[in-house]
Every structure is written in structure tokens, then in C-alpha cells.
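So you can see what is in the structure, the chains are spelled out below.
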Amino acid sequence: MLSGSDSGIGHALAKYLDSLGFVVFAGVLNKDGPGAEELRRTCSQRLCVLQLDITNASQVKEAYLTVSEKVQNAGLWGVVNNAGILGFPADGELLPMSTYRHCMEVNFFGAVEVSKTFLPLLRKSQGRLVNMSSMAGGIPLPRYAAYGASKAALSMFSGVMRQELSKWGIKVVAIHPSGFRTGIQGTAEQWDEQEKELLENLPAATRQAYGEEYLLGLRNYLLHLPSHCAPDLSPVLGAVLHALLARSPQGLYTPGKGAYIPLCIFCCFPLWFYDFF
């Protein structure tokens, strides 16, 4: 069972696992959207598209009942919590509280809701719980206070659940990809709306402290973000596949260029050195 299959990593992962012969339950935010339609058109008949807004408890429960009915006594081998949002990348002081709340609602609370709901099926199969966190969930990165905090919460949840669920043979994994070009970067219309909210809610003193030039530069940072992200998603897909199939999966995967080195520097060197780096 996979959430966030409308686009990006989740969409690619649904297709990839289906091509390998998995029975995929692809949760999507919009079952009538273009992403869902493409999955129905291009994948095998094994794949089942589920309406799944992970912030909607009734939809999560409905998805659970549908999956339970289809797998019967076999249980469910894996749950991949992939659905997530980025939010407008800006300094933590500048971000409105709504961005913090929305990131936590989707990236953390939604994933916890899905995990708790589907665990009875994983217990039957001694299966896998795979949580798609982020490089920003393991190390502090400027302009990602809201996103990073929500992903850090998900990573800590993964670590605790890995310890607690081991007595039932359930393996829990966190994935910390570096920057990949995915649907999470959003659309121009979404950014316009979030940028407007950010600027309208800034106190005059804060606006003056940062300066208009800096605030306008946030949009340029956003526009250039995709150019710093890898277009090839295969390292992430490979990490999820290993997490699902390996006899002894790693507790943490760091796919992608540059994901592991900053984590090592953060863990092994003084904080002032990491901040300088």
C-alpha cells in the first residue's frame, strides 16, 4: 500500500513495483486526476487505485477496509508512507504558522494515521513499514524549518516504531533522499498563493530587517530549485525496493547524491563546522 501516487516518487514507485509483479494499492489524493488516470492506463490490472487523502481519517479507514477485503488472510506485506508536501521554502521566521501546521498535518500526522490504521495487516504478514522522510529530516537545512521539522518528526517516529514493532517481526525503515525532481515542488499557482500569504502576514519590522531585495530573492531560489534536483528517481526506487524485500533491511537509507556526506559531517563533527559547511 502506497500513499501519494498522484505524481513524483509515489507515481514512479507505483509503476515500478507493478512492473516487477507486485500487487500495488496506489493511494492518490484525487482518484479522478491525471496521475490516477495514467496509473490505470499504463499499469497492470493488479494495481488498485485508492482515494486516499491521508489527512482525512475516514478515507484512511475506507482504504484500510478495501485493502483488507482484497488481501483477506494473506495480510499486507508493505506500507509506504510517501505522500508529502514541501511548503514555501523560506526562513523559519518568515513562514506563516499555517505552513508549519500544514506540513505537520500531511508529512507527520497523516503518515502516523496511515501507519496505525494498517499495522494489524502488517502484523499478520510480519511485513514492512517504509516512511519517506527527507535529507532535511536528518540535518538542519536553511529555509526548510517547517518541512524539515515535520520530516524529522517522521524519522523519529520511524525509529521508535522500529524498536517497538520488532517483537512482531515488523521491519520499519526511514528513507532520507537528497534532492530529486518530483511533484512536491508544486505549481506556479500554488507558490503564488503561498508567497502572497507569507508577504501579507509579515510584521513591518521583520520585513524591514530582511529587506525587500531578500524577500523577492526567495522566488528566484524557488525557481532555480528544480535545477539542483536530480531527475533520475531510480536511487530512491531501489532503496524502497531493498527496504521491502531484503531479509534484513537497513533502518535508514540515504539515496541520492549528497545525502550521506552532510549527515556524516553533522553527526561526527562539531556543530559550528557543520553550520560553516
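Residues numbered from 1 in each chain as written. Predicted model: local features only at pLDDT ≥ 70, side-chain atom pairs only at ≥ 80, totals over all residues. Heavy atoms only, no water.

The name given to the protein chain in an unreviewed UniProt entry is DHB2 dehydrogenase, with Drymodes brunneopygia as the source organism. Its UniProt record gives the protein chain a comment under Sequence similarities (unreviewed entry), which states: "Belongs to the short-chain dehydrogenases/reductases (SDR) family." (UniProt positions renumbered as here; feature names shortened; annotations may be inferred.)

Peer 1: Sorry if this is basic, but what is going on with unusual backbone geometry here?
Peer 2: Phi at Gln 72 is positive, roughly 55°, even though this residue is not glycine. For Gln 126, which is not glycine, the phi dihedral falls at a positive 55°.

Peer 1: Quick question: what am I supposed to make of helix 1 (residues 8-19) here?
Peer 2: At 3.6 residues per turn, the α-helix brings residues three or four places apart onto the same side. In a regular helix each residue adds 1.5 Å, so 12 residues correspond to 16 Å; helix 1 covers 17 Å between its end C-alpha atoms and thus fits that length. Of all the residues in helix 1, the buried ones are Ile 9, Gly 10, His 11, Leu 13, Ala 14, Leu 17 and Asp 18. Of the surrounding elements, those touching the buried residues of helix 1 are strand 1 (25-28), helix 2 (34-42), strand 3 (78-81), strand 4 (128-132) and helix 9 (234-245). Gly 21 lies just past helix 1 and shows a positive phi near 100°. (Helix = DSSP H or I, 4+ residues; strand = E, 2+ residues; numbered from the N terminus. Expected span 1.5 Å × (residues − 1). Buried < 20%, exposed > 50% of the residue type's maximum accessible area, 1.4 Å probe, protein only. Contact = heavy atoms within 4.5 Å.)

Peer 1: How should I be thinking about the packing of helix 1 against helix 9 in this particular structure?
Peer 2: Helix packing geometry: the angle between the two helix axes and the distance between the axes. Where helix 1 contacts helix 9, the axes come no closer than 10 Å and their chain directions differ by 55°. In terms of orientation, helix 1 lies oblique with respect to helix 9. Crossing of helix 1 against helix 9: the hand is right-handed. Residues Ile 9, Ala 12, Leu 13, Tyr 16 and Leu 17 of helix 1 lie in contact with helix 9, whose contacting residues are Val 236, Leu 237, Val 240, Leu 241 and Leu 244. Considering only residue class, the contact of helix 1 with helix 9 consists of 10 nonpolar, no polar and no charged. (Axes fitted to C-alpha atoms, helices over the stretch in contact; angles between N-to-C directions. Parallel < 35°, antiparallel > 145°, perpendicular 65-115°, else oblique. Left-handed = near helix turned anticlockwise from the far one by under 90°. Nonpolar A, V, L, I, M, F, W, Y, C, P; charged D, E, K, R; others polar.)

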